Amino acid sequence: MKQFVATCLTTLLLAVMAPVTALAQNGPLRIEITEGVVEPLPYAVPDFVAESADAQELAQQIARVVADDLTGTGLFREVPREAHISQITSFGSPVQFADWKAINAQALVTGAVSSEGGRVVVKFRVWDVFSGTELGEGMQFAGSPDGWRRMAHKVADQVYSRITGESGYFDSRVVFVSESGPKDQRAKRLAVMDYDGANVQYLTSGNALVLAPRFSNDGQRVLYTSYETGLPRVHVLEVGTVQSRILPGQDGVMSFAPRFAPNGQTVVYSITQGSNTDIWAMDIASGGTRQLTSAPSIETAPSYSPDGSQIVFESDRSGTQQLYVMSASGGEAQRISSGQGRYSTPVWSPRGDMIAFTKQNAGRFHIGVMRTDGSEERLLTASFLDEGPTWAPNGRVIMFARETQGAQGASSLYSVDISGRNLKRVRTPEGASDPSWGPLQ
Amino acid sequence: MHTGHYISGGAHGVLILWALFGGIFGSDPPDVEVAEVSVMSEAEFAAMTAPQPDMSTVEEPAALTPPVEEDAAPETPAQEREPTTPPDPVEPEVAEPDPAPQPDLPEPAPETTEDLTQPPAPAPAPEVEAPDVALRPVPRPAPRVAPEAVPDPAPEADVAPEVQETVQDSDTAETSDAEEQQATAPEAATTEIITEAEEPARAPTASVRPQTRPSRPTPEPEPEPTETAEPAPDAAPQEDVEEDAASAIAGALEEALAEPTEGPTDGPPLTQSETDGFRIAVQDCWVVDVGSQAANVTVTVAFDMDRSGQVVGSTLRMSSASGGDEAATETAFQAARRAILRCQGDGYNLPPEKFDQWKSVEMTFNPESMRIR
């Protein structure tokens, strides 16, 4: 007891002495902040200024698409236009920052659209309201009136980049399998769309079953698996001309799960011979092939690291489907997944720091991410059937297919931030599965 | 010469014979005391134990005696298992009805039972025996997604649409008309979306039995002789503590007073609450994008302030940063700058008389505890 009293007395006296010590403080007041808030950053996008009479509607539409892009990330929250105090009537006039501060807009996007001779010019500026400074410099894009959405996406990408410091993903496209009809008679065809589900274009007719399309890094070609010949075979399609061809291979041998190497010259895919499935690599130009795995188990779903030095794939060599990493030239593979359940369809992040995967455990499917060494596994989603993750070009968002339960169940595309937030459906005209996110254009 | 040997041999012989035929190694089991245990209903038990006995009347623990009255307290099996344990000194806890059996706490039978409205009654053992296998309850995850799971609020907490801090009286805070409000708990959230229909059965099939209460140390049989000896071993540590305290106080005094009182000493120093108020005001505006590369950057921002508590914008500068590339560092700096500027309003609430203490500030923004791992 006496000891306790003595300790208390000492603590009390030291506490009393603390201000005396602080009295002698020299230099600035130092404060450390370790807790912030996780919330969307409020911003404002007033309608862009129409600098020509026929650009009025376009100016509004472009501003709306920019706002939709930014708000759709979940990282930003638009201050509604009804709350705006001041209006932007001229692109060059000074911004009344006090008016935007008053409505708590931290960022402001101003822009102008002009149309002349069938050519549309969009220019914009991004402002940091509370410091009263411009973020970056003004920029403009020019294009045809038909390409206004793409110009709006480019503006949004710039705004996103200037505020977050990371590249955007709005001016990008997604190739996927469009599905129609009941489950037992479902027609599947390749389609490509903007990242937000707009501008859907079909690449195949739907006569043959198609699976797992994969964009090349330049977005010009698509690899996919087609049952056109009766057996699954890997095809490559030129997006510009919509011409496709079968990659060379032995007749009667199934090849599937293709994916481009970062250099675009090599394709890695699976070949089934008998009951054994292994991973092979093919040089597209020469047609030369090389076997990368030789285990008597099923190895498939290969995906290159961004630098092309490694490949992550799934294998059941341990008894259940798990994820392994090996050198791009083959050889010894190291298992990286260690949790319960089955892991499949691994995809290396464009940042290079994470691997996304599908996980099946306890009767449910998850989309998850883990470090490239298998650590820090995090499950982002859970449902009856989630599968086939694909990364946005900036490595920040994952798109995947989700199928609902039952005979009338349909597949659709969803996206989710790698923080697990902002899970939302991507609108497509029909059912959709097997997304593959292309590069930023 | 061998007389001693003869005597010893004879005595041992007698002892061995007595041991063999004297019944020392008899196999008769020792008598076991049997006590009548009556099963009571919970209501009866509560009624019987409601008035607490006045334990002050129990001065000396008495030896164990078999129950002789019908209304005597039911004895615990512990008394049967450990009849030789010395009686425990009387403490108030002993009289409290405890649902768990306490095998190590034999209940002393009070000698003067007439003063007790109810005798101390331990809980009847058969009613509280724990099952061998217990299912651990699994809290259902909330259908919200957050970077860090927010635990379920306490039952008495209200879940408000917005999380708010407790408003407390502060010496430095300006008087406001705002009514005192209680802090609300953030809505429970988890890191993944789990629907009820898809919730797995994660209950363990078995759980460890609850640990029994640690045994009370056996009291000294004769505390009196040790009382005089106790102060001796205590004396040395007490002196040490006092010496430590004295030296710590002297050191603090010396440290405080030895420093020359130079620099910005115009005015008293900021109190901890004033500093905390400043820190909280800024952190409420610090928006962290937990999934970005900037969330890996710790940045220190330096700035000056005027007497009204407003930041001199032109002095805002990044004094140091670590943990990311140039773009991520710049983004982290911009976020910190926005936080400082956005929440100042008409000026941070800092005491003007201590202006010299806060006219120059270095603020470090460390998102380590927030970022996704």
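Residues numbered from 1 in each chain as written. Chains lettered and ligands numbered in written order. Predicted model: local features only at pLDDT ≥ 70, side-chain atom pairs only at ≥ 80, totals over all residues.

The next subject is the overall build of chain A. A tally of helices and strands in chain A yields four helices and 32 strands. Out of the 441 residues belonging to chain A, those deemed buried represent 46%. Taking contacts inside chain A between residues at least 6 apart in sequence as the whole, the part at least 24 apart equals 44%. (Helix = DSSP H or I, 4+ residues; strand = E, 2+ residues; numbered from the N terminus. Buried ≥ 20, exposed ≤ 12 C-beta atoms within 10 Å, placed from the backbone. Contact = placed C-beta atoms within 7 Å.)

Scanning chain B from N- to C-terminus turns up ten helices and three strands. When its helices and strands are written in sequence order, chain B yields α-α-α-α-α-α-α-α-β-β-α-α-β. With 373 residues in all, chain B has 19% of them scored as buried. By sequence separation, contacts in chain B at least 24 residues apart represent 80% of the contacts at least 6 residues apart.

On to helix 8 (residues 272–283) of chain B, then. Taking 1.5 Å per residue, twelve residues should reach 16 Å; helix 8 of chain B reaches 16 Å between its end C-alpha atoms and fits that length. By the burial criterion, the buried members of helix 8 of chain B are Glu274, Phe278 and Val282 of chain B. For helix 8 of chain B, the angular spread of buried residues about the axis comes to 70 degrees, placing them on one side. The inward-facing, buried residues of helix 8 of chain B contact strand 1 (29–33) of chain A together with helix 9 (326–342) and strand 3 (360–365) of chain B. (Expected span 1.5 Å × (residues − 1). Arc of directions from axis to C-beta.)

Right, let's get into the nonpolar core. Counting 142 residues, the largest nonpolar core has Ile62, Val66 and Ile398 of chain A together with Ala332 and Ala336 of chain B as the members making the most contacts within it. In this structure alanine 332 of chain B touches Ala294, Val297, Val299, Ala321, Gly324 and Phe365 of chain B, once residues within four positions along its chain are discounted. (Core = buried A, V, L, I, M, F, W, Y, C linked by C-beta atoms within 7 Å.)

What holds strands together in a sheet is hydrogen bonding between their backbones, with the strands either parallel or antiparallel. The sheet built from four strands is open, its strands ordered 1(A)-3(B)-1(B)-2(B) with mixed pairing. What marks the edges here is a single partner per strand, and that holds for strand 1 of chain A together with strand 2 (317–322) of chain B. Going across the sheet, the axis of each strand differs from the next one's by a mean of 15 degrees, ignoring polarity. Direction of pairing for strand 1 of chain A relative to strand 3 of chain B: parallel, over a ladder of five bridges. Paired with isoleucine 31 of chain A across the two strands is methionine 363 of chain B, which belongs to strand 3 of chain B. Docked against the sheet, helix 8 of chain B engages strand 1 of chain A together with strand 3 of chain B, running at close to 50 degrees with respect to strand 1 of chain A. (Pairing = 2+ DSSP bridges. Axes fitted to C-alpha atoms, helices over the stretch in contact; angles between N-to-C directions.)

Here we come to the pairing of strand 1 (residues 298–304) of chain B. Residues and elements named next belong to chain B. Burial along strand 1 is one-sided: Val299, Val301 and Phe303 are buried, and none of Thr298, Thr300, Ala302 and Asp304, which face the opposite way, are. Summarising the sheet, strand 1 and strand 2 pair through five bridges and their orientation is antiparallel. Looking at strand 2, one finds that valine 299 is bridged to alanine 321. With six bridges connecting them, strand 1 and strand 3 associate as antiparallel partners. Bridging from a neighbouring strand, phenylalanine 303 pairs with valine 361 of strand 3.

Next up on the list: the confidence of the model for chain B. Residue and element names in this part refer to chain B. In the predicted model, chain B carries a mean pLDDT of 63, and 34% of its residues have values of at least 70. Per-element confidence in chain B is highest for strand 1, whose mean pLDDT is 95, and lowest for helix 4 (residues 92–95), whose mean pLDDT is 38. Note that pLDDT drops below 50 for residues 53–135; the model gives that stretch 121 contacts with residues more than four away or on any other chain. This stretch, residues 169–179, has a pLDDT under 50; its non-local contacts, to residues over four places away or in other chains, come to nine contacts. Interface confidence in the predicted complex, given as ipTM, is 0.76; pTM for the same model is 0.65. (pLDDT = per-residue confidence, 0-100.)

Another point: helix 4 (residues 148–164) of chain A. Residues and elements named next belong to chain A. Helix length check: helix 4, at 17 residues, gives a terminal C-alpha distance of 24 Å against a target of 24 Å (1.5 Å per residue), a fit within 8%. With 15 of its 17 residues buried, helix 4 lies for the most part within the structure. In the stretch just after helix 4, glycine 165 is the one whose phi turns positive, near 80 degrees.

Turning our attention to the sheet that holds strand 9 (residues 172–180) of chain A. Residues and elements named next belong to chain A. With respect to topology, four strands assemble into an open sheet ordered 11-10-9-32, the strand pairing being antiparallel. Two strands in the sheet have a free side with no partner beyond their single neighbour: strand 11 (201–202) and strand 32 (431–440). Summarising the sheet, strand 9 and strand 10 (residues 187–194) pair through eight bridges and their orientation is antiparallel. The residue bridging glutamate 179 from the neighbouring strand is lysine 188, located in strand 10.

Looking now at the environment of arginine 342 of chain B. Relative to the assigned elements, arginine 342 of chain B resides in helix 9. Here the alpha-carbon distance between arginine 342 of chain B and valine 282 of chain B, two residues 60 residues apart in the chain, equals 8.3 Å. The contacts of arginine 342 of chain B, once residues within four sequence positions are left out, are Gln106 and Phe130 of chain A together with Cys285 of chain B.

Residue and element names in this part refer to chain A. Axis separation between helix 2 (residues 56–72) and helix 4 bottoms out at 8 Å; the angle between their running directions is 45 degrees. The pairing of helix 2 with helix 4 is recorded here as oblique in orientation. When the axes of helix 2 and helix 4 are compared, the crossing they make is right-handed. Residues Leu58, Gln61, Ile62, Val65, Val66, Asp69 and Leu70 of helix 2 form the contact with helix 4, whose participating residues are Trp148, Arg149, Met151, Ala152, His153, Val155, Ala156, Val159 and Tyr160. Across the contact of helix 2 with helix 4, the residue classes break down as twelve nonpolar, two polar and two charged. (Parallel < 35°, antiparallel > 145°, perpendicular 65-115°, else oblique. Left-handed = near helix turned anticlockwise from the far one by under 90°. Nonpolar A, V, L, I, M, F, W, Y, C, P; charged D, E, K, R; others polar.)

Now for the pairing of strand 10 of chain A. Residues and elements named next belong to chain A. Count of turn residues in the strand 9/strand 10 antiparallel hairpin: six residues, of which glycine 181 carries a positive phi of about 95 degrees. Two elements, strand 10 and strand 11, share two bridges in a ladder whose sense is antiparallel. Note on strand 11: the bridge partner recorded for alanine 191 is tyrosine 202. Linking two consecutive strands that pair antiparallel, namely strand 10 and strand 11, is a turn of six residues; a positive phi of about 95 degrees is found at glycine 197 within it.

Time to look at unusual backbone geometry. Residues and elements named next belong to chain A. One non-glycine residue, glutamate 376, lies in the positive phi region at around 55 degrees. Along the chain, glutamate 376 turns up in the loop between strand 26 (364–371) and strand 27 (378–379). Although it is not a glycine, asparagine 422 adopts a positive phi angle of roughly 55 degrees. One can find asparagine 422 in the loop between strand 30 (411–417) and strand 31 (424–426).

With 94% of its residues at a pLDDT of at least 70, chain A reaches an overall mean of 90. Scored below 50 in pLDDT, residues 12–24 of chain A makes 17 contacts in the model with residues more than four places away or belonging to other chains.

Bringing the environment of threonine 71 of chain A into the picture now. Residues and elements named next belong to chain A. Within the fold, threonine 71 resides in helix 2. According to the C-beta neighbour criterion, threonine 71 is partly exposed, with 16 such atoms within 10 Å. Distance from threonine 71 to proline 42, taken between C-alpha atoms, is 9.4 Å for residues 29 residues apart in sequence. In contact with threonine 71, other than residues within four places in its own chain, are Phe76, Arg77 and Glu78.

Residue and element names in this part refer to chain A. Structurally, the position occupied by proline 435 is in strand 32. Of the residues examined, proline 435 has 25 C-beta atoms within 10 Å and is grouped as buried. Sequence separation between proline 435 and tryptophan 391 is 44 residues; the distance between their C-alpha atoms is 9.6 Å. Leaving out residues up to four positions away in the same chain, proline 435 has contacts with Val174, Phe176, Gly388, Thr390, Met399, Phe400, Ala401 and Leu413.

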